[in-house]
Amino acid sequence: MIIKAWKWSVSACLVASSLFWLSSKATSQTITIDAAPSHVANTFSPVRSLGAAIDRLRTGTPDHLLTDPVLKEILGAGWQTVTYRQNTELMVEAWHWNPNGAWSDAEKQQGYFVGSAEPTAELIRHSWAAPLPHRGFSRGDGNGWSRLTDGDPKSYWKSNPYLSKAFTGEDDSLHPQWVMIDLGSKVPVNAIRIAWAEPYAKHYSVQFWTGELEPFYDGTTKGTWQSFPLGAISEGKGGTVTLKLVSWMIPVRYLRIWMTESSNTCDTHGSADKRNCVGYAINELYVGALSADGQFNDYVTHFPSRNQTVTWPSSVDPWHAASDMDESRGDQVGFDFFFTSGVTRSLPTMVPIAMLYSTPEDAANEIAYLYKRHYPISWIEMGEEADGQHMLPEDYGALYLQFATAIHRLVPEAKLGGPPFEGTFDDVEVWPDAAGKVSWLGRFVDYLKAHRRLNDFTFFSFEHYPYQDKPTYSWADLYPEPDYVRHIVQVWKDNGLPPNIPFFMTEGNIGGGAGPSTVKSALWLADYVGSMMTAGAAATYFFHYMPSPGRINGFLILDEKYNVVGYPPQYLATQVITKEWVQPVDAPHKLFKASSDVTDAAGTLLVTAYAVERPDGQWSVMLVNRDQYNDRAVKIVFNDAETGHDRHFSGRVDRITFGSAEYSWHAEGERGHADPDGPPSKSTVSGGAEALYKLPMASITVLRGSIGDQ
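The model shown is predicted, which means the values in this text are computed figures rather than measured ones. (Residues numbered from 1 in each chain as written. Predicted model: local features only at pLDDT ≥ 70, side-chain atom pairs only at ≥ 80, totals over all residues. Heavy atoms only, no water.)

### Some words on the overall build of the protein
Across its full length, the protein carries 12 helices and 38 strands. Taking the principal axes of the C-alpha coordinates as reference, the protein spans close to 90 × 60 × 55 Å. By the burial criterion, 60% of the 710 residues in the protein qualify as buried. Put simply, of all contacts in the protein between residues at least 6 apart along the chain, 79% involve residues at least 24 apart. For the protein, the exposed surface amounts to about 27,000 Å²; the carbon and sulfur share of it is 51%. Across the protein, the centroid of the 58 positively charged side chains sits 2 Å from that of the 81 negatively charged ones. (Helix = DSSP H or I, 4+ residues; strand = E, 2+ residues; numbered from the N terminus. Buried < 20%, exposed > 50% of the residue type's maximum accessible area, 1.4 Å probe, protein only. Contact = heavy atoms within 4.5 Å. Areas by Shrake-Rupley, 256 points an atom, 1.4 Å probe, with all protein chains shown as cover. Lys, Arg positive; Asp, Glu negative; His and termini not counted. Charge placed at Lys NZ, Arg CZ, Asp CG, Glu CD.)

In structure tokens form, the structure reads like this:
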């Protein structure tokens, strides 16, 4: 393992000290901090508010990553609290957080598994999941496929029984279940063939999408679902039915079967469990053209892989069997190993429950188990990315209330929230309800209010990946980040987020990961953390915390033997944020808004600033110079509008910088490496009303010291 001894040479100190002086190209501009005591934008403890997220890990890696010496290196970056992510929901799997438990059909080791709430002498070191055999998704994470178009007449999709009247207490028409078919392009259609399983839909409608864009995300409000002229069925009998939908041909790409009344007949798993006898189930779907002589021409590709025609369902039954368990798909990390490894620093931790594909009893037992172990728990996230699974907010709300009731029965003090949303920087919209409302968050809050259960919603969480779907991102992509953050937080507030509950960004990064070739991702990280905390977040959690051996796109660069061979830009930036900008102590920091007039000719803001008054009495300003090619020089003014006085740094000012001068990547194929590879440079300068502080190009700089009247 390479242990880096970061030592200062005389020449390095001279270079660091000289950075105070202006270059001939630098232009003096001003950073103004609104430092009036009553204008505090946020108060937070870095220990509880600046954290990282830990997700499902590759099978075989947790024993290396969550133990020293690698764990010591990871913790050395400075992130404090952690949030445990729940990846199995994205894979459409049933999570066995505890391998010990009971099956609803114990004899056949199948059905609905409930983990044991009772701790034993044996610690839970690993946890696994089972791909659901009644899946209806052709896409999404993992490599699973839909049973709706897999060509197997015996396999079937089935909806989640917990969304039926037997569990919601509400009429099934209030929680319509649906499946959607994507034919790939518009084709002339006049018929559908549905091979119903048990239970089947007695009342349903076959519809087509009128918009040009897909019905999710970009196209959600740019089209409508319109029933085919002959598509409304009020007395369905099950079996395999071929329906002529229209007497002519309609070119369509997306079709939907909207189901509002179930036969409540039992599926292949028998009548012993009522969950087998509610909801809806379909063996196979066929879409195409019905000729005058009754011949059906099918346009659907039936195949047991992702080469099949794409389908999306409203929900999936979490029924599965022991034989479905698959340890090759990743380790969710056993809770006992997680909490005793040291990765949590013994700080209160946000933990998840599986909710989209689980049972209330299993989730309640999970939380009870953790409390019985006396692990410090801060918050409990309910499910994972329900919006990304295209679940309607009323369905999520119905599950939320059932799971909240079960958890609070065992652990009354548990603090619940969610959803969390997928990484987004704009509103999450869904198909309009009867009142035309499209806000996912607004409708979820409305559902809780209507059931007088808003008190069960104690925090709101979301993820943030502004460039998740971009294969690469340019330097110019750095500039919008503060506005993205301000915008999305305002969107949540406008959509009805209760003002008295905290909000958390529980998983995020610039994209799917950040490469080591430039400091671009480091600058983004500083801008993001400063912006999110300025917007009022209770906490923010960095994702991709756990490195992957043999890959250079990670928080640390490890070789195949888990030796650290490099410190990427985001690791080094984290040290500046968590150890220099703030104090790594569990004490309140007051954050104040700052404005900058450092722009280019086009008006693009090039320097951003984030100011905190620390518990040690010092003021600390983190400045991000996003100018890729030029140094900048700024004055710092602390303005108090209440007294009408301006203040400035006085005396000695500590100066810490990380940027392109401290980090340079050398691309040499598999031997690619950084030189220099940190550390951040440190120097001292003198404050004063006329002091100019040089910000090197493409850098993060922290100025820290006392302020006074001058």
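Here the narrative resumes, following the displayed structure.
### Brief notes about the packing of helix H11 (residues 520–534) against helix H12 (residues 569–581)
The contact between H11 and H12 brings their axes to 8 Å, and the two run at 35 degrees. Crossing hand, H11 versus H12: right-handed. Where H11 abuts H12, its residues Ser521, Ala522, Trp524, Leu525, Ala526, Val529 and Gly530 lie against Pro569, Gln570, Ala573, Thr574, Ile577 and Trp581. A class-by-class count of the residues in the contact of H11 with H12 yields nine nonpolar, four polar and no charged. (Axes fitted to C-alpha atoms, helices over the stretch in contact; angles between N-to-C directions. Left-handed = near helix turned anticlockwise from the far one by under 90°. Nonpolar A, V, L, I, M, F, W, Y, C, P; charged D, E, K, R; others polar.)

### Comments concerning the state of the cysteines
Using the criterion set out here, one finds one disulfide in the structure. There is a disulfide in this structure between cysteine 266 and cysteine 277, and the S-S distance comes to 2.0 Å. With the S-S dihedral at roughly 100 degrees, the linkage between cysteine 266 and cysteine 277 falls on the right-handed side. Placement of the pair is cysteine 266 in the loop between strand S15 (250–262) and strand S16 (281–290) and cysteine 277 in the loop between S15 and S16, with a sequence separation of 11 residues. (Disulfide = S-S within 2.5 Å.)

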